[in-house]
Amino acid sequence: MPLEERPPSQTPLLSQSDIRATFDAIAQQEEYCAITGQLIQPQQPMKLGLTITGELVPLSA
């Protein structure tokens, strides 16, 4: 199951050192920050983080 589809209790939190690059984005649905676990609401500004393994993960802004 991709990281962004896992419930927060099953999502391993990443550290800043796991992120290679970030991109500005707007959430289209509820997401959980991959570093803090913070809820990101739809239409809220967020970042997408490119991990060292090549995954894009949601990040709170």
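Position numbers for residues count from 1 along each chain, tracking the sequence in the order it is written. With pLDDT at 70 or above as the cut-off, local features in this predicted model cover only qualifying residues; side-chain atom pairs require 80 or more to be listed or tallied, and sums for whole chains, interfaces and linings still use all residues. Excluding hydrogens and water, the side-chain values take into account all heavy atoms of the structure.

## Quick notes on the nonpolar core
Grouped burial of nonpolar side chains is what soluble globular proteins tend to show. By nonpolar core we mean a set of buried residues, namely Ala, Val, Leu, Ile, Met, Phe, Trp, Tyr and Cys, connected to one another through side-chain atoms within 4.5 Å. Think of it in three bands: residues with accessible area under 20% of the maximum for their type are buried, residues over 50% are exposed, and the middle band is partly exposed, with areas taken using a 1.4 Å probe on protein chains only. Core analysis: the largest hydrophobic core is formed by 8 residues, namely Ile19, Ala27, Cys33, Ala34, Ile40, Met46, Val57 and Leu59. Apart from residues lying up to four places away in sequence, isoleucine 40 is in contact with Ala27, Gln29, Glu30, Glu31, Tyr32, Cys33, Pro45, Met46, Pro58, Leu59 and Ser60. In what follows, residue pairs with any heavy atoms lying within 4.5 Å of each other are defined as contacts.

## Regarding unusual backbone geometry
Note: most residues except glycine have negative phi, and most peptide bonds are trans. Positioned with a positive phi, glutamine 43 is a non-glycine residue whose angle comes to about 70 degrees. Each helix is a run of DSSP H or I of at least 4 residues and each strand a run of E of at least 2, with the numbering of both proceeding from the N terminus. With respect to the element layout, glutamine 43 can be found in the loop between strand E3 (39-40) and strand E4 (45-51).

## What about the sheet that holds E4?
On the basis of which strands lie adjacent, the open sheet formed by 3 strands has the order E1-E4-E5 and antiparallel pairing. Edge strands, defined here as strands with exactly one partner in the open sheet, are strand E1 (19-26) and strand E5 (56-60). Within the sheet, the average angular offset between the axes of one strand and its neighbour, ignoring direction, is 35 degrees. Here E1 runs beside E4; their pairing, made up of 7 bridges, is antiparallel. In the strand pairing of E4, isoleucine 26 is matched with proline 45. Two strands are said to pair when DSSP picks up at least two bridges between them. Axes, fitted as lines to C-alpha atoms, cover a helix only where it is in contact. Angles between the N-to-C directions of the axes lie from 0 to 180 degrees.

## What to know about the pattern of salt bridges
Just to be clear on terms, a salt bridge is a Lys or Arg side-chain nitrogen sitting within 4 Å of an Asp or Glu carboxyl oxygen. Within the structure shown, the criterion is met by 1 salt bridge. Ionic pairing is found between aspartate 24 and lysine 47, a salt bridge with its closest N-O pair at 2.5 Å. Residue aspartate 24 is located in strand E1, and its partner lysine 47 is located in strand E4; the two are separated by 23 residues in the primary sequence. On the basis of relative accessible area, aspartate 24 is assigned to the exposed category, the value being 65%.

## A few points about the pairing of E4
With 5 bridges connecting them, E4 and E5 associate as antiparallel partners. What sits directly across from leucine 50, in E5, is leucine 56.

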